[in-house]
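Structure at a glance
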Amino acid sequence: MTHSEESFKKIIAHAKEYGYIFPSSEIYDGLSAVYDYGPYGCELKNNIKDYWWKSMVRMHENIVGIDSAIFMHPTVWKASGHVDAFNDPLIDNKDSKKRYRADVLIEDYIQKIEDKIDKEVQKAAKRFDNFDESMYRQTNARVLGYQQKIDEIQSRFVSCMEKSDWEALKDLIDELGISCPVSGSKNWTEVRQFNLMFATQMGSVADGADTVYLRPETAQGIFVNFLNVQKTSRMKIPFGIAQIGKAFRNEIVARQFIFRMKEFEQMEMQFFVRPGEEIQWFEYWKSERIRWHESLGIEKAFFRFRDHEKMAHYANAATDIEFKFPFGFRELEGIHSRTDFDLKSHQQTSGKKLQYFDPETNESYVPYVVETSIGLDRMFLAIFSYAYTEETLEDNTVRTVLKIPPILAPVKLAILPLVRKDGMPEKAKEILKDLQYSFLCQYDEKDAIGRRYRRQDAIGTPYCVTVDNQTLEDNTVTIRERDSMKQERIAIENIENYLNTLLKIKI
Ligand code: ATP
């Protein structure tokens, strides 16, 4: 097992042990790619939603929110192109009987070459002081060779995907000698196309039930409500509609924990603009969204943009914000300039006008759309995996701590009486009562204080206050900060302000 596989396993185990994430229906051996969020998990998830919602909706006067239904008229998915084109190319290994996404096999192959480039660069950096001309030339040649190989594969890959040429995709897999990670064999079936939408029946069979779909993205609920929202909230272009909600995809290749799920949540915002201004707004949202991620204090090196070479059928510009997950850089958020494809298509299919009258230009037009779409569960995994830290302390013990940004942490404050006597529990409970409406607080009196700190570190609680003898005399407590473990003394009446200042949104 590689170091990153091992640390990813630890992260998954920690998520379960501390009530963040459980496999769905675990007593029946689970359901592939479906997970449940436990007590701390649902708090973290709610806090991420809240942080996104506040920064998108509350902090932009021209963005409003909606909450549309999961079920939509089936024609929506015909008009959006999902019935005909929401497909993944699948391939089976005949020996292991495992099924893979053919495009992901190639992407993983490219990632491995990128890792080699990274290693060369790291090696060179380490030997920086005695790096002579010939070493430089050799390294450079190797890196260029790798890059050339990536470019060649990438261009063939893009062409296969654009033309849905599955035969050529299979040839590419054969030529690259990609083998099954389980059996190690290269004995592959042909590549087949598979639609990702879940279908179900609405109405009783006797009445002639209709096939409806569980929505594979939340965006269409925004498009079909475009005029309802624009008129009722008197929005002028440019303006946005935001939504957080469940989406469903029949992902056959289920791996990497909550990275790829069959039932997941999206936080999407569709921004409606004048035709011709979409690229400028696309650039604007690229920089806004990366700023949002960085506002959480995650190192910049954990993010990168990857512009799409193969554009979806509706887009004229697209990029992914990729995050460095424990298994490498992968898509966290998509930013797409979706043109007027969706609104126009719904207009044509429904026969209802979906146009905006622009009072500034005296023209009616179908607006263009720039979308930002982030998976809530992927954001959860990004935060959780980044936060998971094992630290060796001075006394050689190992402390496991979740360094979750305080604003997102499930429990904000633990209130701990030093001992279970002398009126300390009563005093601690008074503090709890006073603060628990404003913050999620936890009272804990069991075990020695050191163990209680460790427990709070492991669930990521950013602050602990301890009630001791002095508290009973002067109404002050010690407050301990999770990451530095530093403690200071503050008055009980100042705790709320202290926390409010530290937890303030800083975008
Ligand atoms: P991928 O290429 O990884 O399958 P995608 O390009 O199909 O993702 P989009 O359709 O752009 O994803 O969806 C927007 C966002 O929704 C993604 O950036 C991702 O964060 C999230 N997302 C998509 N599919 C899943 C899934 N199966 N499980 C969890 N999150 C997902």
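Rules used throughout
- Residues numbered from 1 in each chain as written.
- Predicted model: local features only at pLDDT ≥ 70, side-chain atom pairs only at ≥ 80, totals over all residues.
- Heavy atoms only, no water.
- Salt bridge = Lys/Arg side-chain N within 4 Å of Asp/Glu carboxyl O.
- Buried < 20%, exposed > 50% of the residue type's maximum accessible area, 1.4 Å probe, protein only.
- Near = heavy atom within 4 Å.
- Polar contact = N/O pair within 3.5 Å; in protein donor to acceptor, adjacent residues only side chain to side chain.
- Areas by Shrake-Rupley, 256 points an atom, 1.4 Å probe, with all protein chains shown as cover.
- Helix = DSSP H or I, 4+ residues; strand = E, 2+ residues; numbered from the N terminus.
- Pairing = 2+ DSSP bridges.
- Core = buried A, V, L, I, M, F, W, Y, C linked by side-chain atoms within 4.5 Å.
- Contact = heavy atoms within 4.5 Å.
- Phe/Tyr/Trp six-rings, centres within 6.5 Å; stacked < 30°, edge-to-face > 60°.
- Domains from an automatic or database assignment.
- Buried area = accessible area lost by both parts, 1.4 Å probe.

In this section: the pattern of salt bridges. A complete count under the given rule lists 43 salt bridges for this structure. Across the salt bridge formed by K300 and E294, the nearest N and O atoms sit 3.9 Å from each other. Assessed through its relative accessible area of 59%, K300 is described here as exposed. By sharing partners, the salt bridges in this structure join E391, R399, K403, R454, D457 and R480 into a single network.

Every one of the 16 residues lining the ligand counts as a neighbour, but E251, R260, M261, E331 and L332 are closest to it. In the environment of the ligand, a nitrogen atom lies 2.8 Å from a nitrogen or oxygen atom belonging to the side chain of E251. Relative to its unbound accessible area of 600 Å², the ligand is 85% covered by the protein chains. Listed by contribution, the elements that provide at least two residues to the shell around the ligand are strand 10 (263–273), strand 13 (328–339) and strand 16 (368–375).

Let us look at the pairing of strand 4 (residues 87–92). Among the six residues in strand 4, five count as buried, and that is most of the element. Pairing of strand 4 with strand 6 (residues 192–195), which is carried by four bridges, proceeds in the antiparallel orientation. Its bridge partner being in strand 6, L90 is matched across the sheet by R192. With three bridges connecting them, strand 4 and strand 5 (residues 99–101) associate as antiparallel partners.

Once that is clear, we can look at the nonpolar core. Proteins that are soluble and globular tend to have nonpolar side chains buried together. If you look at the biggest cluster of nonpolar residues, it comprises 60 residues, and the most contacted ones within it are Y20, L44, W52, F380 and I404. If one sorts the elements of this core by residue count, helix 12 (residues 376–387) sits on top with eight residues. Look past the residues within four positions of W52 in its chain and what remains in contact with it is A242, Q243, I244, M267, E268, M269, R289, W292 and I374. The next biggest cluster of nonpolar side chains, apart from the first, holds 23 residues, and it includes I91, L105, L176 and C180.

Okay, the packing of aromatic side chains next. The geometry of an aromatic ring pair is captured by two quantities: the separation of the ring centres and the angle between the planes. All chains considered together, the criterion is met by 28 aromatic pairs. Aromatic side chains F8 and F257 sit 6.4 Å apart centroid to centroid with 75° between the ring planes, which places their arrangement in the edge-to-face category. Taken as a pair, F8 in helix 1 (residues 3–17) and F257 in the loop between strand 9 (239–248) and strand 10 lie far apart in primary sequence, 249 residues in all. An identical accessibility class is assigned to F8 and F257; each is buried. Look at F303 and F323: their rings are 5.4 Å apart centre to centre, the planes differ by 65°, and that puts the pair in the edge-to-face class. Of this pair, F303 sits in strand 11 (residues 303–307) while F323 sits in strand 12 (residues 317–325), placing them 20 residues apart in sequence. Note on accessibility: F303 and F323 belong to one class, buried.

On domain assignment, one finds that the protein chain holds domain 1 (1–71 + 213–392), domain 2 (91–188) and domain 3 (411–502). Domain 1 and domain 2 are separated by 28 Å when their C-alpha centres are compared. Taken together, the contact pairs 11 residues of domain 1 with 11 residues of domain 2. Roughly 1000 Å² is buried in total at the junction of domain 1 and domain 2, and carbon and sulfur atoms are behind 49% of that figure. D108 serves as the salt-bridge partner of R330, at 3.2 Å between the closest nitrogen and oxygen. Here domain 1 and domain 2 share three residue pairs in polar contact (both at pLDDT 80 or more) between them.

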